[in-house]
Amino acid sequence: MSGETMISVFLGIGLAASAGFRVFVPLFALSLASYAGLWDLNENWQWMGSLSAVIIMGVATMAEVFGYFIPWFDNLLDSVAIPLAALAGTAVMVSTLTGMDPVITWTLAIIAGGGTATAIKGAAAGTRLTSTVTTGGVANPAVSAVETAAATTISLASVLVPVLAAVLVIIVLAFVFRIYRKLRPGRRSS
């Protein structure tokens, strides 16, 4: 695998991880980066770099970000966003992989892209639900701010320095795995 291909894989995984925090932030970042000529997208995904796509993704991003600051509505958004995160993670991954066999492209996109986004979104939704139950939703705006900051940071790192984004994703996934191990049912305290 060439260095350019590895960089595009890192870009896709970083954006997929970001989709686990906010579905539209990485789509907007990728659309904007493509429109600005920073990244070439897969032949079938070049429409993401159009001005129309930038505007639509920007509006969707703003609506999603502000929607997560409304207690209780944020939990409703999470129930819809879990499957959407998997789709967005797969989409950003497949759109960034160029010059690869379609079987390899889609396999990587589904497993690495969709899997990463789903794992992170599941943990984020669990965190929000816990926040809602324990604080009556009062702490949810703080959780939303952290998630939006994480999505924005990882998206920017993915577009500007994909290798750094890959490192951030490993850190985030390690954190998610640690939380999962602590919270999973049937675990005995040692």
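Below, the structure is looked at part by part. The numbers attached to residues start from 1 for each chain and follow its sequence in the written order. Reporting in this predicted model follows two pLDDT cut-offs: at least 70 for local features of residues, and 80 or more for side-chain atom pairs to be given and counted; totals over whole chains, interfaces and linings ignore these cut-offs and use all residues. Side-chain metrics in this entry use all non-hydrogen atoms of the structure; hydrogen atoms and water are not considered.

Another point: the overall build of the protein chain. Secondary structure elements follow DSSP: runs of H or I no shorter than four residues count as helices, runs of E no shorter than two count as strands, and numbering proceeds from the N terminus. What the protein chain contains, in helices and strands, is seven helices and zero strands. Reading the protein chain from its N terminus to its C terminus gives the helix and strand order α-α-α-α-α-α-α. Here the radius of gyration uses the C-alpha set of atoms, whereas the globule reference equals 2.2 Å times the residue count to the power 0.38. Rg of the C-alpha trace for the protein chain: 16 Å, near the compact-globule value of 16 Å for 190 residues, within the 12% margin. In terms of principal-axis extent, the alpha carbons of the protein chain reach across some 50 × 40 × 25 Å. Under the scheme applied here, a residue whose accessible area is under 20% of the maximum for its type counts as buried, over 50% as exposed, and between as partly exposed, the area being computed with a 1.4 Å probe on protein chains only. A buried classification covers 47% of the 190 residues belonging to the protein chain. A separation of at least 24 residues holds for 69% of the contacts in the protein chain among residues at least 6 apart in sequence. By element, 73% of the accessible surface of the protein chain is carried by carbon and sulfur atoms, the whole surface being about 9,700 Å². The protein chain carries 9 positive and 8 negative side-chain charges, and their two centres are separated by 24 Å. In what follows, a contact means two residues having at least one pair of non-hydrogen atoms within 4.5 Å. The protein chains shown are the only cover counted for residues, whose accessible areas, like all others here, come from Shrake-Rupley with a 1.4 Å probe. Only four residue types enter the tally: Lys and Arg on the positive side, Asp and Glu on the negative side; His and the chain ends are excluded. Charge placement uses NZ in Lys and CZ in Arg. For Asp and Glu, CG and CD serve respectively.

Moving on, we get to the packing of aromatic side chains. Geometry of aromatic contacts follows a simple scheme: Phe, Tyr and Trp rings, the Trp one being its six-membered ring, pair when their centres are within 6.5 Å, and the pair is stacked under 30 degrees between planes, edge-to-face over 60, tilted otherwise. Scanning the model with the defined rule gives one aromatic pair in all. Geometry around Y68 places R22 over its ring, the cationic atom sitting 3.9 Å from the centre. Geometrically, a charge over a ring is one whose NZ (Lys) or CZ (Arg) sits within 6 Å of the ring centre while staying within 35 degrees of the ring normal.

Right, let's talk about the packing of helix 1 (residues 3–21) against helix 4 (residues 73–96) for a bit. Any two packed helices are characterised by the angle at which their axes cross and by the distance between the axes. At a minimum axis separation of 8 Å, helix 1 and helix 4 run at an interaxial angle of 165°. Taken together, helix 1 and helix 4 sit at an angle that is classed as roughly antiparallel. Where helix 1 crosses over helix 4, the two elements pack in a sense that is right-handed. For the pair helix 1 and helix 4, the contacting residues are S8, V9, L11, G12, I13, L15, A16, A19 and G20 in the first and A85, A88, G89, V92, M93 and T96 in the second. An axis is simply a line fitted to the C-alpha atoms; with a helix, the fit covers only the stretch in contact. Between two such axes, the angle follows the N-to-C directions and lies from 0 to 180 degrees. Under this scheme an angle from 65 to 115 degrees is roughly perpendicular, one under 35 degrees roughly parallel, and one over 145 degrees roughly antiparallel; angles in between are oblique. By definition, any crossing whose near helix is turned counterclockwise from its far helix by less than a right angle is left-handed, and any crossing with a clockwise turn is right-handed.

With that out of the way, let us pick up helix 3 (residues 51–67). In a regular helix each residue adds 1.5 Å, so 17 residues correspond to 24 Å; helix 3 covers 24 Å between its end C-alpha atoms and thus fits that length. Those residues of helix 3 that fall on the buried side of the exposure criterion are A53, V54, M57, G58, A60, T61, E64, V65 and G67. Looking at the buried side of helix 3, the elements it contacts are helix 2 (24–35), helix 4 and helix 6 (140–160). Here the expected length of a helix is defined as 1.5 Å per residue gap, with one fewer gap than residues.

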